[in-house]
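# Understanding the architecture of this molecule
The primary structure of each chain is shown beneath.
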Amino acid sequence: MCGVAGIIEFNTPEPKEGLLRKMLGLIRHRGPDAFGIFTDSHAGLAHARLSIIDLSGGDQPIHNEDETVWIVYNGEVFNYPELRQDLEERGHRFATRTDTEVLVHLYEDHGTAFVNKLNGQFAFALWDRRRKRLMLARDRLGIRPLFYHLSGRRLLFGSEIKALFADARVPRRFDPLTLSDIFTCWAPLGVSTAFEGVRQLEPGHFAVFSQDGWKSQPYWQLSFSNEGNEDRPLDDYAEELDVILTDATRIRLRADVPVGAYLSGGLDSTVITSLVKSSFNNQLRTFSVSFTDGRFDEAPFQEKAVRALETDHRSIRCTERDIGEDFPKVVWHSEVPLLRTAPVPLCRLSHLVRCNDFKVVLTGEGSDEIFAGYDIFKEDKVRRFWARQPDSQWRPRLFQRLYPDIFAHGDRRSRAFLEGFFRKGLADVASPVYSHFIRWENTAHLRSFLSPQILEAAGAHEPFVDRYCAGLPADFMTWDPLSRAQFTEISIFLSNYLLSSQGDRVAMAHAVEGRFPFLDHRVVEFASKLPHRYRMHGLKDKFILRKVASRFIPGELSQRPKQPYRAPISRCFLEGEACAVTRDLLSEEAVRRAGCFDPSKVGRFLSKCFKQGGNVLSERENMALAGMVSTQLLHRLFISHFSSQDCQEPEKVLLYGR
Amino acid sequence: MRETIIRDVRHFIIENFLFGDSGNGLKETDSLLEKGIIDSTGVLELVSHLEETYGFRVEDEELIPENLDSIANVTGYILRKLPRESFGSLHA
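Residues numbered from 1 in each chain as written. Chains lettered and ligands numbered in written order. Predicted model: local features only at pLDDT ≥ 70, side-chain atom pairs only at ≥ 80, totals over all residues. Heavy atoms only, no water.

What follows deals with the overall build of chain A. Across its full length, chain A carries 29 helices and 18 strands. A compact globule built from 658 residues should have a C-alpha radius of gyration of about 26 Å, and chain A, at 24 Å, falls within 12% of that. Overall size of chain A, expressed as C-alpha extent along the three principal axes, is 75 × 65 × 50 Å. Buried residues in chain A amount to 63% of all 658 residues. Total accessible area on chain A is roughly 24,100 Å²; 48% of this is exposed by carbon and sulfur atoms. (Helix = DSSP H or I, 4+ residues; strand = E, 2+ residues; numbered from the N terminus. Rg over C-alpha atoms; globule rule 2.2 N^0.38 Å. Buried < 20%, exposed > 50% of the residue type's maximum accessible area, 1.4 Å probe, protein only. Areas by Shrake-Rupley, 256 points an atom, 1.4 Å probe, with all protein chains shown as cover.)

The parts lose accessible area when they come together, and the size of an interface is often stated as this lost area. In this complex, chain A contributes 26 residues to the contact, which on the side of chain B involves 28 residues. Between chain A and chain B lies a buried interface of about 2,300 Å² when both sides are counted; carbon and sulfur atoms form 60% of it. Linking chain A with chain B are three salt bridges, by the criterion used here. The partner of Asp 21 of chain B in a salt bridge is Lys 601 of chain A, with the nearest N and O atoms 2.8 Å apart. Linking chain A to chain B there are eight residue pairs in polar contact (both at pLDDT 80 or more). Mapped onto the side of chain A that touches chain B, the elements with two or more residues apiece are helix 15 (415-423), helix 16 (434-444), helix 28 (599-611) and helix 29 (619-640) of chain A. (Contact = heavy atoms within 4.5 Å. Buried area = accessible area lost by both parts, 1.4 Å probe. Salt bridge = Lys/Arg side-chain N within 4 Å of Asp/Glu carboxyl O. Polar contact = N/O pair within 3.5 Å; in protein donor to acceptor, adjacent residues only side chain to side chain.)

The predicted model of chain B averages 86 in pLDDT, with 88% of residues at 70 or higher. When mean pLDDT is compared element by element in chain B, helix 4 (residues 71-81) of chain B scores highest at 95, while helix 5 (residues 86-91) of chain B scores lowest at 56. (pLDDT = per-residue confidence, 0-100.)

The next point concerns the domain arrangement of chain A. All names here are of chain A. Looking at the assigned domains, one finds that chain A contains domain 1 (2-177 + 196-221), domain 2 (234-369 + 489-558) and domain 3 (570-644). Of note, the centres of domain 1 and domain 2, computed from C-alpha atoms alone, are 27 Å apart. Facing 37 residues of domain 1, the contacting portion of domain 2 comprises 31 residues. In total, domain 1 and domain 2 occlude about 2,800 Å² of area from one another, counting both sides; carbon and sulfur atoms represent 53% of this. On the domain 1 side of the contact with domain 2, Ile 52, Phe 78 and Leu 141 bury the most area, a combined 23% of that side's loss. Among the ionic pairs, Arg 144 bridges to Asp 504, the shortest N-O distance being 2.7 Å. (Domains from an automatic or database assignment.)

Quick look at the packing of aromatic side chains now. Residue and element names in this part refer to chain A. Taken as a whole and judged by the stated rule, the model has 43 aromatic pairs over all chains. Ring centres of Phe 122 and Phe 124 lie 5.8 Å apart, and the angle between their planes is 35°; on these two criteria the pair is classed as tilted. Here Phe 122 and Phe 124 have matching classes, each one buried. Each ring, one from Phe 327 and one from Phe 573, has its centre 4.8 Å from the other, and the planes form 80°; the classification is edge-to-face. Placement of Phe 327 in helix 9 (residues 320-334) and of Phe 573 in helix 25 (residues 570-574) is noted, with a sequence separation of 246 residues between them. Exposure class is identical for Phe 327 and Phe 573. Each is buried. Aromatic rings pair up to connect Phe 165, Phe 174, Phe 195, Trp 332, Phe 638 and Phe 642 into one cluster. We note Lys 162 situated over the ring of Trp 332; from NZ or CZ to the ring centre the distance is 4.9 Å. (Phe/Tyr/Trp six-rings, centres within 6.5 Å; stacked < 30°, edge-to-face > 60°. Lys NZ or Arg CZ within 6 Å of the ring centre and 35° of its normal.)

Turning our eyes to something else, we now look at the sheet that holds strand 11 (residues 205-210) of chain A. The strands making up a sheet associate through hydrogen bonds between their backbones, and the pairing can be parallel or antiparallel. Residue and element names in this part refer to chain A. Ordered in space as 4-5-6-7-11-12, the six strands form an open sheet in which the pairing is antiparallel. The two strands at the open ends of the sheet, each matched to only one other strand, are strand 4 (62-63) and strand 12 (213-218). By the bridge criterion, six bridges tie strand 11 to strand 12 in an arrangement that is antiparallel. Within strand 12, the position partnered with Ala 207 by the bridge is Ser 216. Contacts between helix 3 (residues 99-110) and the sheet are confined to strand 4, strand 5 (69-77), strand 6 (120-128) and strand 7 (133-138), with strand 5 contributing the most and set at about 130° to the helix. (Pairing = 2+ DSSP bridges. Axes fitted to C-alpha atoms, helices over the stretch in contact; angles between N-to-C directions.)

All names here are of chain A. Of the volumes computed, that of the second largest pocket is approximately 900 Å³. Contributing to the lining of the second largest pocket are 37 residues, with Gly 190, Val 191, Glu 202, Pro 203 and Ser 491 lying nearest its centre. Of all the secondary-structure elements, those providing two or more residues to the lining of the second largest pocket are helix 5 (176-185), helix 18 (464-470) and helix 19 (481-498). The dominant element in the lining of the second largest pocket, judged by the number of residues it contributes, is helix 19, at seven residues. Here the lining of the second largest pocket is composed, by residue class, of 18 nonpolar, 12 polar and seven charged. Formed jointly, the lining of the second largest pocket draws a minimum of three residues from each of two domains, domain 1 (2-177 + 196-221) and domain 2 (234-369 + 489-558). (1 Å grid on protein atoms, 1.4 Å probe; cavity = no way out; pocket = protein on both sides within 12 Å on 5 of 7 lines; lining within 4 Å. Points joined across faces, edges and corners; volume = space filled by probe spheres on them. Nonpolar A, V, L, I, M, F, W, Y, C, P; charged D, E, K, R; others polar.)

In this section: the packing of helix 1 (residues 2-16) of chain B against helix 4 of chain B. Residues and elements named next belong to chain B. For the pair helix 1 and helix 4, interaxial distance at closest approach is 9 Å and the crossing angle is 130°. Between helix 1 and helix 4, the angle falls in the class oblique. Relative to helix 4, helix 1 is oriented so that their crossing is right-handed. Each of Arg 2, Ile 5, Ile 6, Val 9, Arg 10 and Ile 13 in helix 1 lies in contact with helix 4, whose residues at this interface are Ile 71, Ala 72, Val 74, Thr 75, Ile 78 and Leu 79. Taken together, the residues that form the contact of helix 1 with helix 4 break down as nine nonpolar, one polar and two charged. (Parallel < 35°, antiparallel > 145°, perpendicular 65-115°, else oblique. Left-handed = near helix turned anticlockwise from the far one by under 90°.)

All names here are of chain A. One can find Phe 437 in helix 16. The exposure class assigned to Phe 437 is partly exposed, which follows from its relative accessible area of 34%. As for Phe 437 and Asn 119, which are separated by 318 residues in sequence, their C-alpha atoms are 34 Å apart.

This part covers the environment of Pro 481 of chain A. Residue and element names in this part refer to chain A. In this fold, Pro 481 is placed in helix 19. Pro 481 sits in the partly exposed class, given a relative accessible area of 23%. The contacts of Pro 481, once residues within four sequence positions are left out, are Asp 380 and Arg 384.

Let us look at the environment of Glu 462 of chain A. Residue and element names in this part refer to chain A. When you line up the elements, Glu 462 lands in the loop between helix 17 (452-459) and helix 18. On the basis of relative accessibility, which here comes to 51%, the residue Glu 462 falls in the exposed class. For the pair Glu 462 and Phe 183, spaced 279 residues apart in the sequence, the C-alpha separation amounts to 16 Å.

Spelled out as structure tokens, the structure:
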């Protein structure tokens, strides 16, 4: 795990080392252990290393036997020992014990197609000196980030956007369309980022940049086209899952440093922890975060899991004040407007991991997506069920079972209204985005806070839903509705929010690497071929996983209903010291200067929040608050007050090439 | 009378849910749910406002879209709820 950055320049040769040092300075948190730079006349590659495999011999950039192929690489390829053995049998000589070097030799044998052989989480840049071309690639699910800025025949890339901003020639402007999209579906869509001119390589894609220009293409795509049939017994499927998941976990323990695990008290992390503990590591260290606000706290379940699994456990308790204080730091790392505060506790958790001298943790991330754990999947099912008998009094009552918290809000009196909320577009079952439409429409109401300039610029493009639907697989509508909903959840939310703002960025803020057995592509492909009834059975989510889990974890944990991971919002921003920061960020002048929001609406909104004593009840208004504070912070950190001079360049850099 | 109440209800909705945005042509009969103007907690805010401003209690069984889902419905509901004698004081 590490940070990468680089420059490829086919116009006029330019000195690169100075800029590369600055780029490294801005992402050094990702890899504080060693720094390396390679340069030749067209290319500059830079690397900040977090040492996990081959601690003494793994400094990067790394090259092949005759130094014609160079690589900087962030991540892990977990099947590297098997790949290496094969390469050695074919006569390749290795200079290190790293997984990185395996990639270089694979490229020699297979060209860009080698990326299909990798099982892991990675983003890398490989420079072929002979052919004068750069290959960039990103893992299948988008676990590791890779951003770039293309300007004619010059390319800049980096693990984080801030590295690109080290170059004053890269514009630092918000992309109005992306702001509008984030205030609709919570995340940037596809290749876009919050910044105009800064793009990201999509998950499962690789790109080649040469004198002929830039070309990116997919090498892997999620598909639910081959759903299996139910003739095969459930027990058979469960057995297969048990085997794949155990192996996915096993290879994710490969490291030359100790590996810990997150234990949230939910099903997914309990399954992973239990697999590790029972089969591979009896001395496992686990970590968790809990909340002083009881509505979000899972501590009692964490304690149960710790007692049952007998791990050596550490936890931190998060207050609203902690979240308010750390929010600016998390925005600096996430580089995107956030409608939630949930990334903040995870950032504090990675700090705890680091303070315990751990660099690597396994987590349960991804299970809710691939095995259908989220409420939105049930909501879709209930709405479809209701839509078949729209006059039924009984069918909409199922929402009460689905969302007891909302229905218990203050009093239960508003039931008829809440049902009205879910009735919106009820008959529109043929829409490809039936599952997510209500959520998007509800969130899109926040767009009314955006300034007229932003709305006008965003309005010049096709509407959000049309743009999203244009990219759907050709046979999408032949899939089961559950598969469609999962695909949408995964393609919009997984990489661009969950694995970044709640994943890579907040873990790497403290140089901690997360590893995700559920996102091993073998597990993902298994889930996508599983009959949908075994993913969600009636309204029982993660049906097959619970079945497997019941073999080895206590029933009260394996059958526990899902509690969404969430964190408090409004009071974090409106009480204590954070309150002054919020007032400052959302002041009429600051809002006017940034140009993203309508200052008068923001003012009225803030007055309403304070009138409620800072205790905002509305979900949508909580999102509005987090969204506006984070956008204003982002403007301050990356647009109005950014200076690449402020970064701390690495002191000792190994230089290669020339 | 009706006009006064309509003005108040519209004002409350625009200030409280639209933050001053009156430009989107909210019609008296527009469904507040359909238009996405109130979310799951919005209806509770609306109820509190009615109870505080008009001094009556909103009964559980009255919490239905027919009473509360548009400016016109809310106004009609208020008029039905208010005791006749209070009409004069509202005018003042």
